[in-house]
Amino acid sequence: MARTEVVTITNMCMIYDGSKVLVQEKIDDDYCGITFPGGHVEKGESFTDAVIREVFEETGLHISSPVLCGIKDWSNDDGSRYMVLFYKTNKFEGQLSSSDEGEVHWIELEEMKKAKLAGGMDKMLEVFLDENISEYFFYKENGKWIEVLK
């Protein structure tokens, strides 16, 4: 069995300030609703540099000391894998500004949980918030997607 595989690596960052979190209202047809900012890791880019860059591009904020706190991953039908690295930080500076990805704003975490979340964001929040969960994993069984928190 091959030990290498084609992988798309992305990231997402929960930026928090006390009980408030910075959210993005994604407007993409394929992925819309309330989520955290993030995006793709470029070839040759460090994972940490990528999340710092993506947060800046989507929010105007410069974050520092992002902490890796979990992962979401699944295998596609073509055999490739898709990974989302979850980070969180409360260290940021700059002027908040939205991007073409969607509007960004601060919201109380408890209010966020009641909002119209992007697909799977409820499960992703569990990974961000529960230190005993580090992975949100998908796999197909009999043609149906099974979701597991580990």
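Here, the structure is the one placed above.
Notes on the structure follow.

Parameters and conventions
Residues numbered from 1 in each chain as written. Predicted model: local features only at pLDDT ≥ 70, side-chain atom pairs only at ≥ 80, totals over all residues. Heavy atoms only, no water. 1 Å grid on protein atoms, 1.4 Å probe; cavity = no way out; pocket = protein on both sides within 12 Å on 5 of 7 lines; lining within 4 Å. Points joined across faces, edges and corners; volume = space filled by probe spheres on them. Helix = DSSP H or I, 4+ residues; strand = E, 2+ residues; numbered from the N terminus. Nonpolar A, V, L, I, M, F, W, Y, C, P; charged D, E, K, R; others polar. Disulfide = S-S within 2.5 Å. Buried < 20%, exposed > 50% of the residue type's maximum accessible area, 1.4 Å probe, protein only. Arc of directions from axis to C-beta. Expected span 1.5 Å × (residues − 1). Contact = heavy atoms within 4.5 Å. Pairing = 2+ DSSP bridges.

Of the voids in this model, the largest pocket is the one considered here, and its volume is about 480 Å³. As for the largest pocket, its lining consists of 22 residues, of which Thr10, Lys26, Tyr31, His40 and Tyr82 are closest to the centre. Top element by residues in the lining of the largest pocket is strand 1 (residues 7-17). It accounts for three residues. Taken together, the residues of the lining of the largest pocket sort by class into eight nonpolar, seven polar and seven charged.

Counted under the stated rule, the structure contains zero disulfides. Unpaired in terms of disulfides, Cys69 finds its nearest cysteine sulfur in Cys13, a separation of 8.0 Å.

A few words on helix 3 (residues 121-129). Within the span of helix 3, buried status applies to Met121, Met124, Leu125, Val127 and Phe128. When helix 3 is viewed along its axis, its buried side chains cluster within an angular range of 160° and face the same direction.

On to helix 1 (residues 47-59), then. Over its 13 residues, helix 1 runs 18 Å from end to end, which matches the ideal 18 Å to within 8%, given 1.5 Å per residue. Turning to helix 1, its buried residues number three or more, namely Ala50, Val51, Glu54, Val55, Glu58 and Thr59. Taken down its axis, helix 1 places every buried residue within 130° of arc, on the same side. Each element contacted by the buried residues of helix 1 is listed here: strand 1, strand 2 (20-27), strand 4 (61-63), strand 6 (81-89) and strand 8 (102-108).

What follows deals with the pairing of strand 9 (residues 135-141). Pairing between strand 5 (residues 67-75) and strand 9: three bridges, direction parallel. Across the sheet, the residue bridging to Ile71 is Glu135, located in strand 9. The hairpin formed by strand 9 and strand 10 (residues 144-149) contains two residues between the paired strands, and Asn142 there has a positive phi angle of roughly 55°.

Next up on the list: unusual backbone geometry. The backbone phi angle of Ser65 is positive, close to 50°, even though this residue is not glycine. Topologically, Ser65 is positioned in the loop between strand 4 and strand 5. Of the residues examined, Ser65 reaches a relative accessible area of 46% and is grouped as partly exposed. Positioned with a positive phi, Asn142 is a non-glycine residue whose angle comes to about 55°. Classification of Asn142 by relative accessible area gives exposed; the value is 80%.

Just distances and angles here, no functional claims.
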